[in-house]
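Each chain, letter by letter, is given below.
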Amino acid sequence: MRKILFCILFILSVYANAQETITISGQVTDFEGSPIDSSIVRLLYPNFTDANVTYTDKNGNYRLENVEKGKYMAMYALRPKEYPRANAVAEKDMRLEFWAWNVIADKDLTINPRYHKLELYGTTVFKTFGGYNSLFVYFRPMSLTKYISYSKDVYLDKKKAEKVADISIKPEHLKVKVYADGELLKINSVQPVDEFEGEGNSSITGYIVQADMPKSKPYITIRVVAENTEFNETGENIYFYELPQLVKAPLK
């Protein structure tokens, strides 16, 4: 009897633990669909420490298992040796990261990162009230080609690069698309914004995109795909946007 009771309690404990964790999985590829092996995939806490880490296999597949349910600041993917400051491959083979922001881990997730030479960083999605029913998407595109156009003593030194390297994309060279759960949204405006960073009041150009509001859901996965036409660079990232849960007025 005790053995049976122990087994039941053990099964219930395993089941309860399983309900408190999820799995994030997917495939890391380039924009031609070729898998990227040996890519690191990191889920991050708000202080940029690791919540969960894994690597892609030879087919670019990865699994982050036993992820505690909750909200995480970000997830990123890249092949470490291809990052410019690693200085481990030829410049023509260098690439930047893919980022997913505000990751809502309330169920098993499939995230399929794609990355190239254009990094989209710091993405934030928000809605304003009292105006046109739309979403605003902010992000900072960063060009690898512009980054490595500086000498190695600049781009291998993070502090020096932040002071002198201009890696922004000019408005005339930026093409952008915004998707919500796979639905292509109509873009109404794209506005550049100078964001100051680092020492010496250096700045980088970010963009605010106004797009039509998608259909309502508890949260929407926003995917931003951008192109730098000056250097034929592409990049994308995603953001988990939660719709405001407002109390409805009572019926009269």
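This structure is a prediction, so every number in the text was calculated from the model and none was measured.

> Would you explain the packing of aromatic side chains in this entry?
Two numbers describe a pair of aromatic rings. These are the distance of the centres and the angle of the planes. A full pass over the atoms with the stated rule returns nine aromatic pairs. Between Tyr219 and Phe240, the ring centres sit 6.0 Å apart and the planes meet at 55°, which makes this aromatic pair tilted. Separated by 21 residues along the polypeptide, Tyr219 in strand S14 (residues 219-228) and Phe240 in strand S15 (residues 233-242) bring together distant segments of the chain. Chaining the aromatic ring pairs together yields one cluster made of Tyr76, Trp99, Trp101 and Tyr121. Between Arg223 and the ring centre of Tyr179, over which it is positioned, the NZ or CZ distance is 4.4 Å.

> I keep staring at the sheet that holds strand S1 (residues 21-27) and nothing clicks. Help me out?
Pairing between the strands of a sheet is mediated by backbone hydrogen bonds and can be parallel or antiparallel. Pairing is mixed in the open sheet, where three strands are placed in the order S4-S1-S7. Unpaired on one side and paired on the other, strand S4 (61-68) and strand S7 (109-110) mark the two borders of the sheet. Direction of pairing for S1 relative to S7: parallel, over a ladder of two bridges. Paired with Ser25 across the two strands is Thr110, which belongs to S7.

> Explanation requested: the sheet that holds strand S10 (residues 174-180) in the structure shown.
Read from one edge of the open sheet, eight strands run S3-S2-S5-S6-S15-S14-S10-S11, paired in mixed fashion. One side of each edge strand has no neighbouring strand; the edge strands of this open sheet are strand S3 (50-55) and strand S11 (183-184). With ten bridges joining them, S14 and S15 adopt antiparallel strand pairing. When the bridges of S15 are listed, Val224 appears paired with Asn237.

Conventions adopted
- Residues numbered from 1 in each chain as written.
- Predicted model: local features only at pLDDT ≥ 70, side-chain atom pairs only at ≥ 80, totals over all residues.
- Heavy atoms only, no water.
- Phe/Tyr/Trp six-rings, centres within 6.5 Å; stacked < 30°, edge-to-face > 60°.
- Helix = DSSP H or I, 4+ residues; strand = E, 2+ residues; numbered from the N terminus.
- Lys NZ or Arg CZ within 6 Å of the ring centre and 35° of its normal.
- Pairing = 2+ DSSP bridges.

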